[in-house]
Amino acid sequence: MGAIGGDGPVYWDKVDGAETANGGGGGAGKLEKILVSVRLRPLSDKEIARGDPAEWECINDTTIISRSAYPDRPTAPTAYSFDRVFHSDCNTKEVYEDGAKAVALSVVSGINSSIFAYGQTSSGKTYTMTGITEYTVTDIYDYIAKKGTYVENLTEVILRNSEHLKELISVCETQRRTGETYLNENSSRSHQILKLTIESSAREFLGKDKSTTLVACVNFVDLAGSERASQALSAGTRLKEGCHINRSLLTLGTVIRKLRLQP
Ligand SMILES: Nc1ncnc2c1ncn2[C@@H]1O[C@H](COP(=O)(O)OP(=O)(O)OP(=O)(O)O)[C@@H](O)[C@H]1O
(Lines give C-alpha, C1' and ligand atoms only; values in the text may rest on other atoms or scores of the structure.)
Protein backbone atom coordinates (compact mmCIF):
# COMPACT_ATOMS: atom_id res chain seq x y z
CA MET A 1 0.00 0.00 0.00
CA GLY A 2 1.07 3.55 -0.41
CA ALA A 3 2.19 5.78 -3.18
CA ILE A 4 4.85 4.33 -5.35
CA GLY A 5 7.52 6.33 -7.01
CA GLY A 6 11.25 6.55 -7.32
CA ASP A 7 13.68 6.85 -10.18
CA GLY A 8 12.26 4.04 -12.27
CA PRO A 9 8.81 2.55 -12.19
CA VAL A 10 8.42 -0.38 -9.88
CA TYR A 11 6.64 -3.25 -11.56
CA TRP A 12 4.00 -5.02 -9.50
CA ASP A 13 2.36 -8.16 -10.81
CA LYS A 14 -1.29 -8.48 -10.07
CA VAL A 15 -1.57 -11.24 -7.55
CA ASP A 16 -4.94 -12.42 -8.74
CA GLY A 17 -5.97 -15.07 -6.25
CA ALA A 18 -2.37 -16.24 -6.23
CA GLU A 19 -1.52 -18.61 -3.49
CA THR A 20 1.66 -18.96 -1.59
CA ALA A 21 2.95 -21.55 0.81
CA ASN A 22 2.64 -20.16 4.29
CA GLY A 23 2.93 -21.98 7.55
CA GLY A 24 0.65 -19.60 9.47
CA GLY A 25 -3.06 -19.89 9.94
CA GLY A 26 -4.53 -23.31 9.71
CA GLY A 27 -1.26 -25.23 9.97
CA ALA A 28 2.06 -25.82 8.32
CA GLY A 29 2.02 -25.87 4.55
CA LYS A 30 -1.52 -24.49 4.28
CA LEU A 31 -2.03 -22.34 1.19
CA GLU A 32 -3.13 -18.79 1.78
CA LYS A 33 -4.13 -15.94 -0.48
CA ILE A 34 -2.31 -12.67 -0.83
CA LEU A 35 -4.17 -9.50 -1.66
CA VAL A 36 -2.18 -6.57 -3.00
CA SER A 37 -3.66 -3.09 -2.90
CA VAL A 38 -2.15 0.24 -3.80
CA ARG A 39 -3.09 3.53 -2.23
CA LEU A 40 -2.03 6.77 -3.82
CA ARG A 41 -1.61 9.63 -1.46
CA PRO A 42 -2.40 13.23 -2.39
CA LEU A 43 0.47 15.58 -2.98
CA SER A 44 1.45 17.37 0.18
CA ASP A 45 1.34 21.16 0.46
CA LYS A 46 5.13 21.16 0.22
CA GLU A 47 5.08 19.08 -2.95
CA ILE A 48 2.44 21.31 -4.48
CA ALA A 49 4.45 24.41 -3.53
CA ARG A 50 7.53 22.87 -5.15
CA GLY A 51 5.49 22.11 -8.25
CA ASP A 52 6.13 18.38 -7.99
CA PRO A 53 4.17 16.44 -10.58
CA ALA A 54 1.70 13.64 -9.84
CA GLU A 55 3.17 10.78 -11.81
CA TRP A 56 0.60 8.16 -10.88
CA GLU A 57 -3.02 8.10 -11.80
CA CYS A 58 -5.71 5.69 -10.84
CA ILE A 59 -7.92 4.86 -13.84
CA ASN A 60 -10.25 2.33 -12.22
CA ASP A 61 -10.53 0.16 -9.12
CA THR A 62 -7.69 -2.12 -10.14
CA THR A 63 -5.38 -0.16 -12.41
CA ILE A 64 -2.95 2.68 -12.05
CA ILE A 65 -0.92 4.24 -14.78
CA SER A 66 2.37 6.01 -14.55
CA ARG A 67 3.11 8.73 -16.99
CA SER A 68 6.14 10.90 -17.04
CA ALA A 69 5.25 14.37 -15.90
CA TYR A 70 8.54 15.74 -17.19
CA PRO A 71 8.27 17.04 -20.78
CA ASP A 72 12.03 16.66 -21.21
CA ARG A 73 11.84 12.96 -20.23
CA PRO A 74 8.75 11.66 -22.08
CA THR A 75 7.88 7.99 -21.63
CA ALA A 76 4.87 5.98 -22.74
CA PRO A 77 2.28 5.57 -20.00
CA THR A 78 2.45 2.18 -18.38
CA ALA A 79 -0.49 0.47 -16.71
CA TYR A 80 -0.16 -1.73 -13.64
CA SER A 81 -2.95 -3.77 -12.20
CA PHE A 82 -3.53 -4.89 -8.63
CA ASP A 83 -6.29 -6.52 -6.66
CA ARG A 84 -7.44 -3.08 -5.61
CA VAL A 85 -6.29 0.45 -6.24
CA PHE A 86 -7.34 3.44 -4.14
CA HIS A 87 -7.11 6.90 -5.64
CA SER A 88 -5.72 9.78 -3.65
CA ASP A 89 -9.17 11.09 -2.62
CA CYS A 90 -10.06 7.82 -0.87
CA ASN A 91 -10.11 8.06 2.88
CA THR A 92 -8.57 5.44 5.14
CA LYS A 93 -12.00 4.07 6.06
CA GLU A 94 -12.56 3.10 2.40
CA VAL A 95 -9.11 1.56 2.20
CA TYR A 96 -9.87 -0.43 5.33
CA GLU A 97 -13.34 -1.55 4.23
CA ASP A 98 -12.32 -2.65 0.74
CA GLY A 99 -8.69 -3.52 1.16
CA ALA A 100 -8.06 -4.83 4.67
CA LYS A 101 -11.15 -5.55 6.74
CA ALA A 102 -11.81 -9.08 5.54
CA VAL A 103 -8.19 -10.05 6.11
CA ALA A 104 -7.95 -8.30 9.49
CA LEU A 105 -11.16 -9.78 10.85
CA SER A 106 -10.29 -13.32 9.80
CA VAL A 107 -8.53 -13.43 13.16
CA VAL A 108 -11.87 -13.81 14.94
CA SER A 109 -12.40 -17.01 12.96
CA GLY A 110 -9.07 -18.35 14.17
CA ILE A 111 -7.12 -17.53 10.99
CA ASN A 112 -3.75 -15.80 11.19
CA SER A 113 -3.16 -12.93 8.83
CA SER A 114 -0.77 -10.05 8.21
CA ILE A 115 -1.37 -6.67 6.70
CA PHE A 116 1.71 -4.74 5.87
CA ALA A 117 2.45 -1.53 4.08
CA TYR A 118 5.32 -1.37 1.64
CA GLY A 119 6.53 1.71 -0.15
CA GLN A 120 9.12 4.40 -0.34
CA THR A 121 9.60 6.88 2.45
CA SER A 122 6.78 9.38 2.91
CA SER A 123 4.41 7.39 0.71
CA GLY A 124 1.85 7.16 3.54
CA LYS A 125 2.49 3.77 5.16
CA THR A 126 2.22 4.94 8.76
CA TYR A 127 -0.76 7.14 7.93
CA THR A 128 -2.59 4.18 6.39
CA MET A 129 -1.58 1.51 8.90
CA THR A 130 -2.52 3.70 11.88
CA GLY A 131 -6.04 4.09 10.52
CA ILE A 132 -6.36 0.43 9.57
CA THR A 133 -5.23 -0.67 13.02
CA GLU A 134 -7.74 1.63 14.73
CA TYR A 135 -10.64 0.47 12.55
CA THR A 136 -9.69 -3.16 13.09
CA VAL A 137 -9.55 -2.84 16.87
CA THR A 138 -12.95 -1.10 16.91
CA ASP A 139 -14.48 -3.81 14.72
CA ILE A 140 -12.99 -6.63 16.78
CA TYR A 141 -14.40 -5.18 20.00
CA ASP A 142 -17.79 -4.61 18.33
CA TYR A 143 -17.72 -8.21 17.16
CA ILE A 144 -16.83 -9.46 20.62
CA ALA A 145 -19.52 -7.30 22.23
CA LYS A 146 -22.13 -8.65 19.79
CA LYS A 147 -21.08 -12.23 20.34
CA GLY A 148 -21.05 -11.71 24.08
CA THR A 149 -17.68 -13.36 24.59
CA TYR A 150 -15.95 -10.47 26.28
CA VAL A 151 -14.56 -11.76 29.55
CA GLU A 152 -14.70 -8.99 32.11
CA ASN A 153 -11.91 -8.81 34.68
CA LEU A 154 -9.90 -11.52 32.96
CA THR A 155 -6.34 -11.19 34.20
CA GLU A 156 -2.99 -12.51 33.10
CA VAL A 157 -0.47 -13.21 35.84
CA ILE A 158 3.27 -13.79 35.47
CA LEU A 159 4.14 -16.87 37.46
CA ARG A 160 6.99 -16.88 39.94
CA ASN A 161 7.15 -20.62 40.57
CA SER A 162 5.01 -23.73 40.80
CA GLU A 163 3.79 -22.81 44.30
CA HIS A 164 2.52 -19.52 42.92
CA LEU A 165 0.60 -21.42 40.24
CA LYS A 166 -0.98 -23.66 42.89
CA GLU A 167 -2.00 -20.58 44.88
CA LEU A 168 -3.66 -19.06 41.81
CA ILE A 169 -5.48 -22.29 41.03
CA SER A 170 -6.84 -22.43 44.56
CA VAL A 171 -8.05 -18.81 44.21
CA CYS A 172 -9.87 -19.87 41.01
CA GLU A 173 -11.37 -22.84 42.76
CA THR A 174 -12.75 -20.75 45.61
CA GLN A 175 -14.27 -18.34 43.09
CA ARG A 176 -15.70 -21.08 40.94
CA ARG A 177 -19.36 -21.64 41.48
CA THR A 178 -20.29 -25.11 42.63
CA GLY A 179 -23.63 -26.42 43.76
CA GLU A 180 -25.35 -29.56 44.87
CA THR A 181 -27.45 -31.51 42.41
CA TYR A 182 -29.09 -34.86 42.71
CA LEU A 183 -26.25 -36.40 40.68
CA ASN A 184 -23.27 -34.62 42.30
CA GLU A 185 -23.19 -32.94 45.66
CA ASN A 186 -20.30 -30.74 44.55
CA SER A 187 -21.14 -30.08 40.93
CA SER A 188 -19.19 -27.44 38.98
CA ARG A 189 -21.66 -24.88 37.71
CA SER A 190 -19.17 -23.10 35.43
CA HIS A 191 -16.37 -23.99 33.07
CA GLN A 192 -12.78 -23.43 34.16
CA ILE A 193 -10.03 -22.64 31.71
CA LEU A 194 -6.42 -22.47 32.81
CA LYS A 195 -4.18 -21.16 30.06
CA LEU A 196 -0.44 -21.43 30.53
CA THR A 197 1.70 -19.44 28.15
CA ILE A 198 5.36 -20.41 28.07
CA GLU A 199 7.94 -18.11 26.54
CA SER A 200 11.40 -19.57 26.07
CA SER A 201 14.66 -18.25 24.66
CA ALA A 202 18.03 -19.90 24.21
CA ARG A 203 20.13 -18.92 27.24
CA GLU A 204 23.16 -17.87 25.19
CA PHE A 205 21.10 -15.33 23.22
CA LEU A 206 19.18 -13.91 26.17
CA GLY A 207 19.06 -10.09 26.06
CA LYS A 208 20.88 -9.98 22.73
CA ASP A 209 19.46 -8.46 19.59
CA LYS A 210 19.24 -11.71 17.71
CA SER A 211 17.49 -13.69 20.40
CA THR A 212 14.31 -15.39 19.31
CA THR A 213 11.58 -16.30 21.70
CA LEU A 214 9.30 -19.29 21.38
CA VAL A 215 5.81 -18.67 22.65
CA ALA A 216 3.26 -21.42 23.05
CA CYS A 217 0.18 -22.05 25.14
CA VAL A 218 -1.37 -25.04 26.73
CA ASN A 219 -4.98 -24.87 27.90
CA PHE A 220 -6.42 -26.96 30.70
CA VAL A 221 -10.18 -26.92 30.40
CA ASP A 222 -12.50 -28.37 32.99
CA LEU A 223 -16.00 -28.09 31.57
CA ALA A 224 -19.13 -28.15 33.63
CA GLY A 225 -21.00 -31.37 32.86
CA SER A 226 -24.03 -31.70 30.65
CA GLU A 227 -27.09 -32.79 32.51
CA ARG A 228 -30.63 -33.88 31.88
CA ALA A 229 -32.94 -31.87 34.09
CA SER A 230 -35.06 -34.97 34.62
CA GLN A 231 -32.08 -36.97 35.92
CA ALA A 232 -30.47 -34.15 37.89
CA LEU A 233 -33.89 -33.37 39.36
CA SER A 234 -32.88 -29.72 39.30
CA ALA A 235 -35.17 -26.79 39.77
CA GLY A 236 -34.91 -23.02 40.24
CA THR A 237 -31.34 -21.69 40.08
CA ARG A 238 -29.83 -25.13 39.45
CA LEU A 239 -32.17 -25.67 36.53
CA LYS A 240 -31.27 -22.29 35.04
CA GLU A 241 -27.56 -23.05 35.47
CA GLY A 242 -28.06 -26.44 33.86
CA CYS A 243 -29.73 -24.78 30.85
CA HIS A 244 -26.80 -22.35 30.46
CA ILE A 245 -24.28 -25.16 30.79
CA ASN A 246 -26.04 -27.31 28.21
CA ARG A 247 -26.36 -24.39 25.80
CA SER A 248 -22.67 -23.50 26.09
CA LEU A 249 -21.68 -27.14 25.52
CA LEU A 250 -23.89 -27.27 22.46
CA THR A 251 -22.19 -24.11 21.15
CA LEU A 252 -18.78 -25.63 21.81
CA GLY A 253 -19.81 -28.68 19.78
CA THR A 254 -20.94 -26.41 16.93
CA VAL A 255 -17.65 -24.48 16.99
CA ILE A 256 -15.58 -27.67 16.88
CA ARG A 257 -17.70 -29.08 14.04
CA LYS A 258 -17.35 -25.85 12.03
CA LEU A 259 -13.60 -25.66 12.64
CA ARG A 260 -13.28 -29.23 11.39
CA LEU A 261 -15.15 -28.36 8.20
CA GLN A 262 -13.07 -25.24 7.51
CA PRO A 263 -10.98 -25.56 4.35
N1 LIG B 1 -3.74 9.50 2.27
C2 LIG B 1 -3.18 10.58 2.84
N3 LIG B 1 -3.86 11.74 2.92
C4 LIG B 1 -3.31 12.83 3.48
N5 LIG B 1 -2.06 12.87 3.99
C6 LIG B 1 -1.34 11.74 3.94
C7 LIG B 1 -1.86 10.55 3.37
N8 LIG B 1 -0.91 9.59 3.45
C9 LIG B 1 0.12 10.17 4.06
N10 LIG B 1 -0.11 11.45 4.34
C11 LIG B 1 0.81 12.40 4.98
O12 LIG B 1 2.06 12.22 4.30
C13 LIG B 1 3.14 12.28 5.21
C14 LIG B 1 4.00 11.03 5.13
O15 LIG B 1 3.20 9.92 5.51
P16 LIG B 1 3.77 8.77 6.41
O17 LIG B 1 4.58 9.28 7.54
O18 LIG B 1 2.62 7.88 6.72
O19 LIG B 1 4.75 8.05 5.37
P20 LIG B 1 5.61 6.70 5.53
O21 LIG B 1 5.44 5.97 4.24
O22 LIG B 1 5.21 5.98 6.75
O23 LIG B 1 7.04 7.30 5.63
P24 LIG B 1 8.39 6.62 6.27
O25 LIG B 1 8.67 5.39 5.48
O26 LIG B 1 9.41 7.67 6.05
O27 LIG B 1 8.10 6.38 7.71
C28 LIG B 1 2.53 12.51 6.58
O29 LIG B 1 2.58 13.88 6.85
C30 LIG B 1 1.10 12.06 6.41
O31 LIG B 1 0.23 12.74 7.30
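Calculation criteria
Residues numbered from 1 in each chain as written. Predicted model: local features only at pLDDT ≥ 70, side-chain atom pairs only at ≥ 80, totals over all residues. Heavy atoms only, no water. Helix = DSSP H or I, 4+ residues; strand = E, 2+ residues; numbered from the N terminus. Buried < 20%, exposed > 50% of the residue type's maximum accessible area, 1.4 Å probe, protein only. Contact = heavy atoms within 4.5 Å. Areas by Shrake-Rupley, 256 points an atom, 1.4 Å probe, with all protein chains shown as cover. Near = heavy atom within 4 Å. Polar contact = N/O pair within 3.5 Å; in protein donor to acceptor, adjacent residues only side chain to side chain. Nonpolar A, V, L, I, M, F, W, Y, C, P; charged D, E, K, R; others polar. Pairing = 2+ DSSP bridges. Axes fitted to C-alpha atoms, helices over the stretch in contact; angles between N-to-C directions. Expected span 1.5 Å × (residues − 1). Disulfide = S-S within 2.5 Å. Phe/Tyr/Trp six-rings, centres within 6.5 Å; stacked < 30°, edge-to-face > 60°. Salt bridge = Lys/Arg side-chain N within 4 Å of Asp/Glu carboxyl O.

## Let's talk about the overall build of the chain
In terms of helices and strands, the chain carries seven helices and eleven strands. Out of the 263 residues in the chain, the part that is buried amounts to 22%. A sequence separation of at least 24 residues applies to 51% of the contacts in the chain between residues at least 6 apart. A total of about 19,000 Å² of accessible surface is found on the chain, and carbon and sulfur atoms cover 54% of it.

## Some points on the site of the ligand
Taken together, Arg39, Arg41, Pro42, Gln120, Thr121, Ser122, Ser123, Gly124, Lys125, Thr126 and Tyr127 make up the full set of residues near the ligand. Within the contact set of the ligand, a nitrogen atom lies 3.4 Å away from a side-chain nitrogen or oxygen of arginine 39. Of the residues in the shell around the ligand, the class split is two nonpolar, six polar and three charged.

## Some points on the sheet that holds strand 4 (residues 56-58)
The three strands lie next to each other as 4-5-6, forming an open sheet whose pairing is antiparallel. The open sheet has two edge strands, strand 4 and strand 6 (78-81), and neither has a second partner. Averaged over all adjacent pairs, the angle separating strand axes in this sheet is 25 degrees, with direction ignored. The pairing of strand 4 with strand 5 (residues 63-66) spans three bridges and is antiparallel. Looking across to strand 5, one finds that cysteine 58 is bridged to isoleucine 64.

## Some points on helix 5 (residues 162-175)
Over its 14 residues, helix 5 runs 20 Å from end to end, which matches the ideal 20 Å to within 8%, given 1.5 Å per residue. Two or three places before glutamate 163, at the start of helix 5, stands the capping residue asparagine 161, its side-chain oxygen 3.2 Å from that residue's backbone nitrogen.

## What to know about the state of the cysteines
Throughout the structure, instances matching the rule amount to zero disulfides. Of all cysteine sulfurs, the one in cysteine 58 lies closest to cysteine 90, which takes part in no disulfide; the gap is 7.1 Å. Taking relative accessible area as the criterion, cysteine 90 reaches 9% and is therefore assigned buried.

## Focus: the packing of aromatic side chains
Taken as a whole and assessed by the stated rule, the structure comprises two aromatic pairs. Ring geometry for tryptophan 56 versus tyrosine 80: centroids 5.7 Å apart, planes at 50 degrees, classification tilted. Of the two residues, tryptophan 56 sits in strand 4 while tyrosine 80 sits in strand 6, which places them 24 residues apart along the sequence. Judged by its relative accessible area of 16%, tryptophan 56 is buried. On the basis of relative accessible area, tyrosine 80 is assigned to the buried category, the value being 5%. Between the aromatic rings of tyrosine 96 and tyrosine 135, the centroid separation amounts to 5.5 Å while the plane-to-plane angle is 25 degrees, which identifies the pairing as stacked. Within this pair, whereas tyrosine 96 is found in helix 2 (residues 92-99), its partner tyrosine 135 is found in helix 4 (residues 125-147), the two being separated by 39 residues in sequence. A relative accessible area of 0% places tyrosine 96 in the buried class. Of the residues examined, tyrosine 135 reaches a relative accessible area of 29% and is grouped as partly exposed.

## So, the pattern of salt bridges
Counting across every chain of the model gives eight salt bridges. The partner of aspartate 98 in a salt bridge is arginine 84, and the shortest N-O contact between them spans 2.9 Å. On the criterion of sequence distance, the pair formed by aspartate 98 in helix 2 and arginine 84 in strand 7 (residues 84-86) is long-range, its members being 14 residues apart. In this structure arginine 84 comes out as buried when scored by relative accessible area, which is 16%. The closest approach of N and O atoms between glutamate 97 and lysine 101, which form a salt bridge, is 3.5 Å. The partly exposed category is assigned to glutamate 97, whose relative accessible area is 33%. Taking the relative accessible area as the measure of exposure, lysine 101 reaches 25% and is therefore partly exposed.

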